[in-house]
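Okay, here's what each chain looks like letter by letter:
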Amino acid sequence: MANSPQARKRIRRNATRTEVNTARVSRIRGFVKKVEAAVEAGDKEAAAAALKNAQPELARGVARGVMHKNTVARKMSRLSKRVAAL
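What counts and what doesn't
- Residues numbered from 1 in each chain as written.
- Predicted model: local features only at pLDDT ≥ 70, side-chain atom pairs only at ≥ 80, totals over all residues.
- Heavy atoms only, no water.
- Helix = DSSP H or I, 4+ residues; strand = E, 2+ residues; numbered from the N terminus.
- Rg over C-alpha atoms; globule rule 2.2 N^0.38 Å.
- Buried < 20%, exposed > 50% of the residue type's maximum accessible area, 1.4 Å probe, protein only.
- Contact = heavy atoms within 4.5 Å.
- Areas by Shrake-Rupley, 256 points an atom, 1.4 Å probe, with all protein chains shown as cover.
- Lys, Arg positive; Asp, Glu negative; His and termini not counted.
- Charge placed at Lys NZ, Arg CZ, Asp CG, Glu CD.
- Axes fitted to C-alpha atoms, helices over the stretch in contact; angles between N-to-C directions.
- Parallel < 35°, antiparallel > 145°, perpendicular 65-115°, else oblique.
- Left-handed = near helix turned anticlockwise from the far one by under 90°.

S.K.: I tried to follow the overall build of the protein chain on my own but got confused; where do I start?
M.R.: Counting its secondary structure elements, the protein chain contains three helices and zero strands. Listing each helix as α and each strand as β along the protein chain from the N terminus yields α-α-α. For the protein chain, whose C-alpha radius of gyration is 17 Å, the value lies well above the compact-globule estimate of 12 Å for 86 residues. Overall, the protein chain is about 60 × 20 × 15 Å in size when its C-alpha atoms are taken along their principal axes. Within the protein chain, the proportion of its 86 residues that are buried is 22%. A sequence separation of at least 24 residues applies to 57% of the contacts in the protein chain between residues at least 6 apart. Split by element, the accessible area of the protein chain, about 6,200 Å² in all, is 53% carbon and sulfur. Across the protein chain, the centroid of the 21 positively charged side chains sits 15 Å from that of the 6 negatively charged ones.

Encoded structure:
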């Protein structure tokens, strides 16, 4: 167990950051799922609108450090490809 004050503070901080980062990733997943649902339904307009909303969220995830930039680039590419194919 942590003995030094610095280590105790680090534990508290890590718990807080974990909650925030988990919420961020969950929010991003929600935006991506909206795009995928619209694609599955075959609604091109809704899918395009959902994709337009999802792209800045994905980019924000990279900027905040909760997702890797190549992961986000891959997801954006695949989602864009699926929306364009409708």
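S.K.: Hey, could you run me through the packing of helix α1 (residues 5-41) against helix α2 (residues 44-64) in this one?
M.R.: Between two packed helices, both the angle of their axes relative to each other and the distance between the axes serve to describe the pair. As a packed pair, α1 and α2 sit with axes 9 Å apart at the nearest point and diverge in direction by 155 degrees. As judged from the angle between their axes, α1 and α2 are roughly antiparallel. Once α1 is placed against α2, the crossing between them reads as left-handed. Residues R24, R27, I28, F31, V32, K34, V35, A38 and V39 of α1 touch α2, and the partners they reach there are A46, A47, A50, L51, N53, A54, E57, L58, G61 and R64.

S.K.: I'm lost on the side chain of E57 in this one. Help?
M.R.: Looking at the element boundaries, E57 is found in helix α2. By relative accessible area, which is 10% here, E57 ends up buried. Excluding residues within four positions of it along the chain, E57 makes contact with R27, I28 and F31.

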